[in-house]
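# Analysis of the macromolecular model
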Amino acid sequence: QMLLLPFMLLLLASPMTWGRYDDFDDGEDLAEFDDNDFAEFEDLSEDAGMEPEATASPRVAAAPASDQDDDDDEAVVEIEDAQDDFEDTETPDEDIKYDTEEFEGFEKSSPSFKDPINIITVPSHLQNSWESYYMEILMVTGLLAYIMNYIIGKNKNHRLAQAWFSSHRELLESNFALVGDDGTSKEAVSTGKLNQENEHIYNLWCSGRVCCEGMLIQLKFLKRQDLLNVLARMMRPVCDQVQIKVTLNDEDMDTFVFAVGSRKAMARLQKEMQDLSEFCSDKPKSGAKYSLPEFMAILSEMGEVTDGMMDSKMVHYLINHADKIESIHFSDQFSGPKLMQEEGQPLKLPETKKTLLFTFNVPGMGNTSPKDMDALLPLMNMVIYSIDKVKKFRLNREVSGVSSTHAIVLIGCRVFGASLYVSLGASQKADKNRARVEENFLKQTHAQRQEEAAQRREQKKLEKKQMKMKQIKVKAM
Amino acid sequence: MFSNSMADPRRQNKILRYKPPSTDTNPTLEDPTPDYMNLLGMIFSMCGLMLKLTEKLVFQLKWCAWIAVYCSFISFANSRSSEDTKQMMSSFM
């Protein structure tokens, strides 16, 4: 039984070696390879070099059952390895000629020599060349490129943020007691640096000033760290943006809604923003009256507000920096964008906050350098100016159009058929608007609130019944 | 002094602490890219594993695996600050 195992191995191995010899074209080559491959072994041990050949040839001729030693098994392995070596060094395209004289005896026993030589190319996944890994190399190169871009983009964004902060720092520190806060520290101490939200968004919280609660500045840079985004931007250029949100106390602002900016931005905001869609129902108006460029438009609750906001200094800012101003939005009813209408409409009016919002475009259209950040400084001055202005601005409370004394004179003159036109003061108009909006909202949700009230009543009834049942049970027991 | 207009506007007593905006109120405003990429990455890695089990399409399997790796990289690059690193590492895996 011990001898049976190697015998089986030999049986299995021999067909392979037979096949190998068929592929392995001719004895001449064998001799050549022998010389080359075993040249270095010649001095050391000719026996070692000759051994595979010596064992090979008797093996070819003799029956496989002749040798059953373990040595033969090893020799078999050796031969196979040797064959592999031969096959690797052999180039598929090599033209192999043979000398007919040398193979006189072989012609009959190996007819395959007369057939055309089939050079079988080794399948690619068995080759050990670079070509078979072209896909991996490609992918890894792509990944490396992505990683490089990530690092470069991240650093660029960081540099831009620092440049912005260093150019604006002085102005902010002279206006706010707290510049930079991440909300985590116990004491309200200025951190004096930006909060990095992620690789392309930085924010800064400033607080401690008259006329406002606080100011949140968000530097929304392009996603330079994402290669996909970089490629997408080559198709469609986009700007870096600086978004500023100033939240105000109740006493810091009168009741009005106003917006100015590029026409596209105005159209978009009017659709998206809850307060602009409700209070500024007219289409964005041109600012030509104030000599604003054509591409800018104004959304306003009423004319007095526009006149009040567009004073000479503001107009000056707007004209000089029109290319950098995306939108400016002042509102006492700010509640963010319109919420998506779900199955049931929200039952409560959304919470509002008196807010001033500014969105500025960084010049350079994506190809910004840290120097461009200085160009935004005048805009920050405009923000500060707006805060103080809004605090001082008060809507007209008088009954304008026809003042009270005029009314008495007219009645006295008994002008028949002339209706006494009394225009409400702007402030009253604003209050009316807000009341109207609330009323509309209540009407819309009326049906739903009725349903909910009915449901609640039913539930109460059920509960009462259950209580009664329990009491009856207890009594019965 | 005529420095009324130059008066210091800063007020120490009016300081308000920073409150990070809550994400439950505006989930739609946030960029969905990292979530999509995470999902795609997981789908492709699942595909890759299944193809490996069937052992039929070796070539497709390679593509799937590489795309999954790319997706996880893109998701990482676009990620929001609130996501922790453990999630990131698991997606890389």
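Treat the numbers as computed from the prediction; the structure is a model and nothing was measured.

This brings us to the interface of chain B and chain A. Across the boundary between the two partners, chain B contributes 27 residues, which contact 43 residues of chain A. Around 3,100 Å² of area is buried between chain B and chain A when both sides are counted, 62% of it from carbon and sulfur atoms. When the buried area of chain B at its contact with chain A is split by residue, Arg17(B), Tyr18(B) and Trp66(B) rank highest and sum to 25% of it. At the junction of chain B with chain A, the criterion picks out one salt bridge. The closest approach of N and O atoms between Arg17(B) and Asp181(A), which form a salt bridge, is 2.7 Å.

Here we come to the packing of aromatic side chains. Aromatic ring pairs are defined here through the distance separating the ring centres and the angle between the ring planes. All names here are of chain A. The tally for this structure, following the rule as stated, stands at nine aromatic pairs over all chains. Judged by centre distance (5.3 Å) and plane angle (85°), the ring pair of Phe 256 and Phe 393 falls under edge-to-face. Of this pair, Phe 256 sits in the loop between β5 (241-247) and β6 (257-262) while Phe 393 sits in the loop between α13 (377-392) and α14 (404-413), and the two are 137 residues apart along the sequence. Phe 393 matches Phe 256 in its accessibility class, with the two residues each being buried.

Our next topic: the packing of helix α7 (residues 134-175) of chain A against α13(A). Residues and elements named next belong to chain A. Relative to each other, α7 and α13 sit at 25°, their axes nearing to 10 Å. As far as their axial angle goes, α13 and α7 are roughly parallel. Taken as a pair, α7 and α13 cross one another with a handedness that is right-handed. Note on element contacts: α13 touches α7 through Leu 377, Met 380, Asn 381 and Ile 384, opposite Trp 164, Ser 167, His 168, Leu 171, Leu 172 and Asn 175. Among the residues forming the contact of α7 with α13, the class breakdown is six nonpolar, four polar and no charged.

What follows covers a positive patch on the surface. A contiguous patch of positive charge, built from Arg456(A), Lys460(A), Lys464(A) and Lys468(A), is present on the exposed surface. With respect to the secondary-structure elements, Lys468(A) resides in helix α15 (residues 426-476).

With that out of the way, let us pick up the pairing of strand β8 (residues 296-300) of chain A. All names here are of chain A. Among the five residues of β8, five are classified as buried, and the element is accordingly described as predominantly covered. Alternating positions in β8 separate into two faces, Met 296, Ile 298 and Ser 300 on one and Ala 297 and Leu 299 on the other, with burial throughout. When strand β7 (residues 285-286) meets β8, the two strands line up antiparallel, connected through two bridges. Bridge pairing in β8 links Ser 286 to Ala 297.

Looking now at the nonpolar core. When a protein is soluble and globular, its nonpolar side chains tend to lie buried together. Residue and element names in this part refer to chain A. In this structure, Trp 164 and Phe 330 are the most contacted members of the largest nonpolar core, which totals 60 residues. Not counting chain neighbours up to four residues away, the residues in contact with Trp 164 comprise Leu 172, Leu 194, Leu 204, Ile 217, Leu 219, Val 242, Met 373, Leu 376 and Met 380. The next biggest cluster of nonpolar side chains, apart from the first, holds 13 residues, and it includes Ala 259, Phe 279, Phe 334 and Val 437.

With that settled, the discussion passes to unusual backbone geometry. All names here are of chain A. Within the chain, Cys 211 stands out as a residue other than glycine whose phi angle is a positive 75°. Of note in the backbone geometry, Ser 291 takes a positive phi value of approximately 65° without being a glycine. Mapped onto the secondary structure, Ser 291 falls in the loop between β7 and β8.

For chain B, the average pLDDT comes to 76, and 75% of its residues sit at 70 or higher. Model confidence for the complex: the whole-complex pTM is 0.67, and ipTM, which rates the interface, is 0.82.

All names here are of chain A. Of the positions making up helix α12 (residues 312-320), those classed as buried are Met 314, Val 315, Tyr 317 and Leu 318. Within α12, the buried residues cover an arc of 160° as seen down the axis, which keeps them to one side. As for α12, its buried residues are in contact with β6, β8, α11 (303-309), β9 (325-334) and α13.

Attention now goes to the pattern of salt bridges. All names here are of chain A. In the structure shown here, the tally under the stated rule is 17 salt bridges over all chains. Its salt-bridge partner being Glu 173, residue Arg 169 comes within 3.3 Å of it at the nearest N-O pair. One end of the pair, Arg 169, and the other, Glu 173, are both in helix α7, four residues apart, so they sit about a helical turn from each other. For Arg 169, a relative accessible area of 32% gives the class partly exposed. Residue classification places Glu 173 among the partly exposed positions, given a relative accessible area of 33%. For the salt bridge of Asp 240 with Arg 224, the shortest nitrogen-to-oxygen distance reads 3.0 Å. With Asp 240 in the loop between α8 (227-235) and β5 and Arg 224 in the loop between β4 (212-220) and α8, the pair connects residues that are 16 residues apart, well separated along the chain. Comparing Asp 240 with Arg 224, the two get one shared label, buried.

Procedures and definitions
- Residues numbered from 1 in each chain as written.
- Chains lettered and ligands numbered in written order.
- Predicted model: local features only at pLDDT ≥ 70, side-chain atom pairs only at ≥ 80, totals over all residues.
- Heavy atoms only, no water.
- Contact = heavy atoms within 4.5 Å.
- Buried area = accessible area lost by both parts, 1.4 Å probe.
- Salt bridge = Lys/Arg side-chain N within 4 Å of Asp/Glu carboxyl O.
- Phe/Tyr/Trp six-rings, centres within 6.5 Å; stacked < 30°, edge-to-face > 60°.
- Helix = DSSP H or I, 4+ residues; strand = E, 2+ residues; numbered from the N terminus.
- Buried < 20%, exposed > 50% of the residue type's maximum accessible area, 1.4 Å probe, protein only.
- Axes fitted to C-alpha atoms, helices over the stretch in contact; angles between N-to-C directions.
- Parallel < 35°, antiparallel > 145°, perpendicular 65-115°, else oblique.
- Left-handed = near helix turned anticlockwise from the far one by under 90°.
- Nonpolar A, V, L, I, M, F, W, Y, C, P; charged D, E, K, R; others polar.
- Patch = residues over 30% accessible without salt bridge, like charges linked within 9 Å, V, L, I, M, F, W, Y side chains within 5 Å.
- Areas by Shrake-Rupley, 256 points an atom, 1.4 Å probe, with all protein chains shown as cover.
- Lys, Arg positive; Asp, Glu negative; His and termini not counted.
- Charge placed at Lys NZ, Arg CZ, Asp CG, Glu CD.
- Pairing = 2+ DSSP bridges.
- Core = buried A, V, L, I, M, F, W, Y, C linked by side-chain atoms within 4.5 Å.
- pLDDT = per-residue confidence, 0-100.
- Arc of directions from axis to C-beta.

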